[in-house]
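Analysis of the macromolecular model
The lines below spell out each chain.
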Amino acid sequence: MSKKDIYKDIFNTELIKFNISKIQQLSQKLINYKLSKKHLKNKIIISISSDYTTNFFTDVLKLFLINKKVQPKILESEYGSLRYHIRDTNSFFWKQKSDFLILLPSSKNFSYLPNIHDNKKVIKKKAEKEAKLWLDAWSKVDKNIIQTTFDPPIIPGLSNEDAVTFSGHLHFVRMVNSILIEKLPNHVNLIDVENLVFNNQNSNWKDTRLFYLAKQPFSMETIPPLATRVCGKILGKLGFAKKAIILDLDNTLWGGIAGDDGVDGINLDSNSPDGEAYLNFQKYLKRLSLNGIILCICSKNDPEVIKEIFKKHNDIILRQEDFTIIKTNFDDKAKNIREISKTLNLNLDSFVFIDDSKIECALVKKELPEVFVINLDSSQPYDYINKVESHDLFYFRNLTPADLNRAKSYKGIKKLEKIKSNSSNLEKFLKDLKPEIHFEKIKKSNVPRAAQLLAKTNQFKLNQKVFSEKELLKNNNKVIVISFKDIIQNYGIIGVLIFNYKKKDLAIEIENWVISCRVFSRRVENFILDYLKKEVKKKKFKRILFKLDLTRKNQYLQIFLKKSNIKIIENNKRYSILVSDIKNKEKNYITLKDF
């Protein structure tokens, strides 16, 4: 197998579909191949502690993270270490440097399993005591934790009645899991073991043969979907989860060809197997949209025919207003996707493209390798939801109001772009929008959104330093949360600035600065830079200090710094800039106000 073929397989978007033998072979080949920087986005350190062996899982997890262009260093604890680590949060496992802690506990180490004579009150107290051990540990650790829920017991307490009897051990496991879910802190992500097995037909968490042979309770076929779930959580926390879906229409949202079959001919018939499958796929997409995922259309169709279908079809779930941008024309789909990306100010790697055409999918993969492409099999519409879900592309932990209103916000951007394109005077256009900005200190009500922006923002972000909610609240005097609005809409919290005063250096040091892409071209960054310059002069300082990480994603920031006369030097991370050298040429027309 050539090096080129190995690379192709390692970065194949359908890696999850490879059989476990091939996945393990690729995992081993990684040892002999050094990947270049262009293949990888981030370096992260992961510490794993488990109640069972994790050798096979660790190898596959590393492969799957590299497939997502993340380079991991994995620190694996010895077999069965978790039962000790959870009882001693001062141990080295918790203190060692790591970005993510992965915990794989087993219900076999429960201390308070009920017996048949326990009444409901006693069983509930036992469940609370079992959960308390984990809740206490979580509260003492200020790192990102990814943990599986407790697995069904290998030895059932009450045979087939174990889940439906109050004193059953499986019912007890579910009670403990429910308490953990109810009291889950923001820095902990849970992976539902039962849901994982339910949604992956080849998975089996109760492989007793493998458990007795290797002390691994789940089958080898369970490892890829488990690794995919863990990757999804990590990418979500790093800000690499997908934000938008671009959809084809014919044999994707409905059965049939709109141009040939018309409004009445396309298949969305709830009384037919395929028609019901298409309707459920639309319901699924509608749910994603309500959770903040942007929906767009890119389809080779007559726009008038499509408008008629959305307007007149009685059974259709998704309507025209559910889509932020609709591109129905006969242009190259890669070209249309580039235009959608530009209009929404979103990087191409924020998008998922879904189409039933192998040719169109191959074209987009070749022309836009950053876009995640899903090729549907139109003969199996019943499998569409599973096909999308199997990749774990979206991240819905700690959703904020800004997430839930994302589609509305991006429609505002589209409206703004339309008005802008019809205006001959850009300066007058920006001024007439009557933009207003608001600064406030960090507090409990805004800290979830602030922490999220620091983690997820990439295009305007000085460096990779992120802060937990606890860290932000602890340093509340040096954190500014930035909100923005104009006559088009209220954008809510769109930025975070973290800085402190360095009297000895006569400087303001910016620890990090992020701005949401939703307000790009509104000159918010110019206003904030002016604010910083005024703060420096007010303190009778001379400089602004900051650390800058040059990435493929923060090109917008780099261009802004260059426009401001800040010279960017390759391989230089630490900057000390005289305020007198900073040139902020563009007028911003923004007023500082209380909302």
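Right, let's walk through the structure included here.

Rules used throughout
- Residues numbered from 1 in each chain as written.
- Predicted model: local features only at pLDDT ≥ 70, side-chain atom pairs only at ≥ 80, totals over all residues.
- Heavy atoms only, no water.
- Helix = DSSP H or I, 4+ residues; strand = E, 2+ residues; numbered from the N terminus.
- Contact = heavy atoms within 4.5 Å.
- Pairing = 2+ DSSP bridges.
- Axes fitted to C-alpha atoms, helices over the stretch in contact; angles between N-to-C directions.
- Salt bridge = Lys/Arg side-chain N within 4 Å of Asp/Glu carboxyl O.
- Buried < 20%, exposed > 50% of the residue type's maximum accessible area, 1.4 Å probe, protein only.

Concerning the side chain of His391
Among the structural elements, His391 can be located in the loop between helix 16 (384-389) and helix 17 (401-404). Apart from residues lying up to four places away in sequence, His391 is in contact with Thr13, Glu14, Ile16, Lys68, Thr228, Phe372 and Ile374.

A look at the sheet that holds strand 15 (residues 543-547)
Reading across the sheet, the seven strands line up as 16-15-14-13-12-11-17 and stay open at both edges, with mixed pairing between neighbours. Single-partner strands in this sheet number two, and they are strand 16 (574-578) and strand 17 (591-592). Seen against the sheet, helix 20 (residues 447-456) touches strand 12 (479-485), strand 13 (490-502) and strand 14 (507-515) and runs at an angle of roughly 80 degrees to strand 13. Across the sheet, helix 22 (residues 524-538) touches strand 11 (436-441), strand 12, strand 13, strand 14, strand 15 and strand 17, and the angle it forms with strand 14 is around 165 degrees.

Let's talk about the pattern of salt bridges
Enumeration over the complete set of coordinates arrives at 27 salt bridges. For Glu14, the salt bridge goes to Lys387, with nearest N and O atoms at 3.9 Å. Here Glu14 is found in the loop between helix 1 (3-10) and helix 2 (20-29), whereas its partner Lys387 is found in helix 16, with 373 residues between them in sequence. Note that Lys286 is salt-bridged to Asp322, the shortest N-O span being 2.8 Å.

So, unusual backbone geometry
Phi is positive for Asn251, close to 60 degrees, though the residue is something other than glycine. Inspection of the secondary structure assignment puts Asn251 in the loop between strand 6 (244-247) and helix 11 (258-265). Here Lys540, not a glycine, exhibits a phi torsion of approximately 60 degrees, which is positive. Take Lys540: it is sitting in the loop between helix 22 and strand 15.

Things to note about the side chain of His313
Of note, His313 is situated in the loop between helix 13 (303-312) and strand 8 (325-328). Taking relative accessible area as the criterion, His313 reaches 9% and is therefore assigned buried.

A few points about the pairing of strand 12
Most of strand 12 sits out of view: six of its seven residues are buried. Here strand 11 runs beside strand 12; their pairing, made up of six bridges, is antiparallel. Within strand 12, the position partnered with Lys441 by the bridge is Ile480. Sheet analysis places strand 12 next to strand 13, joined by seven bridges and oriented antiparallel. Each bridged residue has a counterpart across the sheet, and for Val481 the counterpart in strand 13 is Val496.

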